[in-house]
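Each chain is listed here by its residues.
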Amino acid sequence: MAASPDLNRLDDTALARDALALLSRYVQFDTTNPPGDELAAAQWLRDQIIARGITTDITVFEPAAGRGLVVARIPGSEALKPLVINHHIDVVGADPAAWTHPPFSGAIADGYVWGRGTLDTKNLGIIFLLALESLIKAGARFRRPIVFMAVPDEETGGKHGMGWLLAHHAAEIDPEWVWDEGGGGLKGLFGPGVMFGLTVAEKQIQQLKLIATGKPGHASMPHKDNANVTLLKALDRVLSSPRPLRVGPIAAAMFRALAPTQKFPASALLPHLRNPLVLRLLGARLQAQPTTNAILRDTISLTMLQAGYKINVIPERAEAGIDCRLLPDTDAAEFQAWLRGRLADERITLETMESSPPSGSAPLDGPFCEAITAAVQRYVPGAPIFPMLVPGATDGRYWRQRGIPAYGFAPVILDGADLGRVHGIDERISGDNLVLGVKIARDAIERLCGA
Ligand SMILES: [Zn+2]
């Protein structure tokens, strides 16, 4: 499809000003989750969508008291399934004392809008909104519907957000593709250049509690059935023998795409990472990096320990919490059996606190990937694009679990320092980055949906 000719005539300065002001206002709704309180922000989004002439077919749901969820539908001319474009309204907390500008002030300074949510993910909402407005004002028509969504509660697991929506309204939405957060442009992370990661899958969550029991007693008379010691020895057996490195299809494609950015011999070896010999050669380097380690194996983090109540008493119970993230094709039952084998002590029981079913993967090629690739190539020529597996969890998993392709892609470019600001201090985004985002999003939406 021909790209819209008026695109290059967009007034970047005016667009940047509009984007910065809109995002600034959006950030001023304090949607720290918990409790979230996203309803007012959701109503504001609805008013913006109507005022900007995008659509009037909008519902603001209230999945729980004070929580707001927006579903806005732009019709298409053909009987095709919609494209969903989604972001989350809630944000994580922020300690104002540490910030240059208060995190919910929406300060605009030095070409940036500062505040919690400017990278995760209120920026994405404003980018989608302005891309739609720009397309519609240019007279674009759509062959498939577009569903703009804004959901609450992503940061604490999505029960009152995407989870609720799919439990109650999945059939009405029934998308062809879902475009959400989770990937995007990275600068200086793998070599000096810019490259774009397109998230196609994420790891499975298994958050487990280990409970060791033993014989209580006085500390002056140590014995062999101390729950603390039982737990520590078992934890050591688990943590000192990590799961094997495994190169799945997503990791293989990712390292193939990254190879040209690396020095020899990594550049020559990375495309063949599925070869066990090559993996053995590069394994030490890959697992030394927490990011690549997380992409190549099931991981276990010991996050909680709870035991004892008095210095001179041997307790009868000791607990540990471990947060395990499994590769998309790991069988959770096999993992738990492996874990029990390592614990190897009948005085320890295992409880599942939280688990997610396998997320599945969106296709690594096809129309969605082609549209994103073409849009990126138009505005950032030559930048490589690679499929990505994210170690963390996003709302995308709710769709992939249902077999619906969900992709994570923020059409902006972040460097290492920016990534540290996500869930960190001084989160901010520049007007230039927002303009780039609107252009890439607009181009990709037009390729996927234009009539
Ligand atoms: Zn997020």
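Summary of the structure given here.

Conventions and cut-offs
Residues numbered from 1 in each chain as written. Predicted model: local features only at pLDDT ≥ 70, side-chain atom pairs only at ≥ 80, totals over all residues. Heavy atoms only, no water. Donors = N, O, S within 2.8 Å, 3.2 Å for Na, K, Ca; no water. Tetrahedral: all angles 85-135°; square planar, octahedral: opposite > 155°, others 65-115°. Helix = DSSP H or I, 4+ residues; strand = E, 2+ residues; numbered from the N terminus. Buried < 20%, exposed > 50% of the residue type's maximum accessible area, 1.4 Å probe, protein only. Pairing = 2+ DSSP bridges. Axes fitted to C-alpha atoms, helices over the stretch in contact; angles between N-to-C directions. Contact = heavy atoms within 4.5 Å.

Donor atoms from the polypeptide that coordinate the zinc ion comprise H88 (NE2), D120 (OD), E181 (OE) and E181 (OE), at 1.9 to 2.8 Å from the metal. Note that the zinc ion binds four donor atoms; their angles at the metal cover 49 to 140 degrees, and the shape is irregular. Along the chain, the residues that donate to the zinc ion are spaced as H-x31-D-x60-E. Taken together, the residues H88 in strand β3 (residues 83–88) and E181 in strand β7 (residues 177–187) connect sequence positions 93 residues apart. Of the residues examined, H88 reaches a relative accessible area of 1% and is grouped as buried. Overall, the relative accessible area of 12% leaves E181 in the buried class.

Now for unusual backbone geometry. Following N33, the chain continues to P34 via a peptide bond in cis, the omega torsion being 0 degrees. The residue after F264, namely P265, is reached through a cis peptide bond having omega 5 degrees. Note on placement: P265 falls in the loop between α6 (249–258) and α7 (266–269). Look at D174: it is not a glycine, yet its phi comes out positive at around 40 degrees. Of note, D174 is situated in the loop between α4 (162–173) and β7. The phi torsion at D426 lies on the positive side, around 60 degrees, for a residue other than glycine. Its location among the elements puts D426 in the loop between α13 (416–421) and β17 (428–430).

What follows is about the sheet that holds strand β13 (residues 317–326). One open sheet accounts for four strands, arranged β11-β13-β9-β14; its pairing is antiparallel. Of all strands in the sheet, those with a lone pairing partner are β11 (299–307) and β14 (348–355), marking the two edges. This sheet shows a mean twist of 20 degrees between the axes of neighbouring strands, independent of strand direction. Pairing between strand β9 (residues 204–213) and β14: seven bridges, direction antiparallel. Bridge pairing in β14 links Q207 to E354. Along the sheet, helix α5 (residues 227–239) makes contact with β9, β11, β13 and β14, crossing β13 at roughly 15 degrees.

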